[in-house]
Amino acid sequence: MLLCVSASAQEPKALPQADERYKADILVMVAHPDDEAAVTPYVARALDEHKRIAVVFGTRGSSGSNEAGAEQAAALGAVREIEARNALTTLGITSVWFLSGKDTASQNVLQSLANWDHGETLEQLVRLVRLTRPEVILTFLPGTFIGEDHGDHQASGVLATEAFDLAGNPAVFPEQIAGPMKRLEPLLENLRPWQVKKIYYFADAEREDIFRASADRKDGHFRRWVGRRSALRARQVRGWRQRDRRHF
Ligand SMILES: [Zn+2]
């Protein structure tokens, strides 16, 4: 009697590893498309240091103003989403996601969290933290500060802080951690808990007497960043010059 067992059948099957394409060093969590401009001097330096960046927006910015065309409301949100993706891709940032939050015309963070479906958007962000496994999160200060204190900006900081605290706990959104054991369990996500090491906050304050430019950045990343039409371009450029990495 012959017993034939192939070598390959005896080798333990390697378990799939997390997808390295989405591993990030830094995850930027902001509210609206173009908010990331508040932190781009730091991001530009990180890109020069070959850090991997992921960006998450809370909304698509559908309540903003359109300086390029007639589109408004949800259509403007679609425009702003593609503009943000194109601008970030120009910098080499392709890990870009949008949560399902809705623009909220309020300075009250609780209004924004209610309008964003707080629990649902938190679940979405925890999922993205577990997927991208960042070492550091950069986000808006979740509170009122000198200057503007848009509720959505604060809400993005609240969600980022909660995700920082929760993504490493396997008891939080455990269906994200569970993996399918058999067919027809396609709702289980097979992620792993992930504890981010640090979280840094930046403000949306625009007081020039407090936040004064220390450098007029004209390097390559800066020039490529200014590529959108519907957003307030002048404000974007001013933001670059006002906010340097001393914020952190
Ligand atoms: Zn904003």
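These numbers come from a predicted model, not from an experiment.

Caption draft 1: Layout of unusual backbone geometry. A positive phi angle, near 95°, is found at Asp-34, a position not held by glycine. Residue position: Asp-34 is located in the loop between β1 (26-30) and α2 (40-48). The phi dihedral of Arg-133 falls on the positive side, at around 50°, and the residue is not glycine. Its location among the elements puts Arg-133 in the loop between α5 (118-132) and β4 (136-140).

Caption draft 2: Structural view of the environment of Ile-177. By secondary structure assignment, the location of Ile-177 is in helix α7 (residues 174-177). When the C-alpha positions of Ile-177 and Arg-130 are compared, they lie 9.0 Å apart, and in sequence the two are 47 residues distant. Once you skip the residues sitting within four places of it in the chain, Ile-177 turns out to touch Pro-170, Leu-191, Arg-192 and Pro-193.

Caption draft 3: The arrangement of the confidence of the model for the protein in detail. The predicted model of the protein averages 83 in pLDDT, with 77% of residues at 70 or higher. Contacts from residues 213-248, a stretch scored under 50 in pLDDT, to residues over four places away or in other chains number 62 contacts.

Caption draft 4: A look at the nonpolar core. Residues Val-28 and Leu-125 are the most contacted members of the largest nonpolar core, which totals 48 residues. Elements that contribute at least two residues to this core include exactly β1, α2, β2 (53-57), α3 (73-90), α4 (109-115), α5, β4 and α6 (151-166). Those residues in contact with Leu-125 that sit more than four places away from it in its chain are Met-29, Val-56, Leu-99, Leu-159 and Ala-163.

Caption draft 5: The arrangement of the environment of Ile-199 in detail. Within the fold, Ile-199 resides in strand β5 (residues 198-202). Here Ile-199 falls in the partly exposed class, since 18 other C-beta atoms lie within 10 Å of it. Not counting chain neighbours up to four residues away, the residues in contact with Ile-199 comprise Ile-137, Thr-139, Ala-160, Thr-161 and Phe-164.

Caption draft 6: Seen up close, the packing of α5 against α6. The contact between α5 and α6 brings their axes to 9 Å, and the two run at 55°. Between α5 and α6, the angle is such that the two are oblique. Note on packing geometry: the crossing formed by α5 with α6 is right-handed. Mapping the contact onto sequence places Thr-121, Leu-122, Leu-125, Val-126 and Val-129 in α5 and Leu-159, Glu-162, Ala-163 and Leu-166 in α6. When the residues that make up the contact of α5 with α6 are grouped by side-chain class, the tally is 7 nonpolar, 1 polar and 1 charged.

Caption draft 7: Fine view of α3. Along its 18 residues, α3 runs 26 Å from first to last C-alpha, staying within 8% of the 26 Å computed at 1.5 Å per residue. For α3, every residue scored as buried is listed here: Leu-76, Gly-77, Val-79, Arg-80, Ala-84, Ala-87 and Leu-88. Down the axis of α3, the buried set is contained in an arc of 160°. They therefore lie on one face. Turned more than 90 degrees away from the buried face of α3, the exposed residues are Ala-74, Ile-82, Asn-86 and Thr-89. Positive backbone phi, approximately 90°, marks Gly-92, located one or two places after α3.

Cut-offs and rules
- Residues numbered from 1 in each chain as written.
- Predicted model: local features only at pLDDT ≥ 70, side-chain atom pairs only at ≥ 80, totals over all residues.
- Helix = DSSP H or I, 4+ residues; strand = E, 2+ residues; numbered from the N terminus.
- Contact = placed C-beta atoms within 7 Å.
- pLDDT = per-residue confidence, 0-100.
- Core = buried A, V, L, I, M, F, W, Y, C linked by C-beta atoms within 7 Å.
- Buried ≥ 20, exposed ≤ 12 C-beta atoms within 10 Å, placed from the backbone.
- Axes fitted to C-alpha atoms, helices over the stretch in contact; angles between N-to-C directions.
- Parallel < 35°, antiparallel > 145°, perpendicular 65-115°, else oblique.
- Left-handed = near helix turned anticlockwise from the far one by under 90°.
- Nonpolar A, V, L, I, M, F, W, Y, C, P; charged D, E, K, R; others polar.
- Expected span 1.5 Å × (residues − 1).
- Arc of directions from axis to C-beta.

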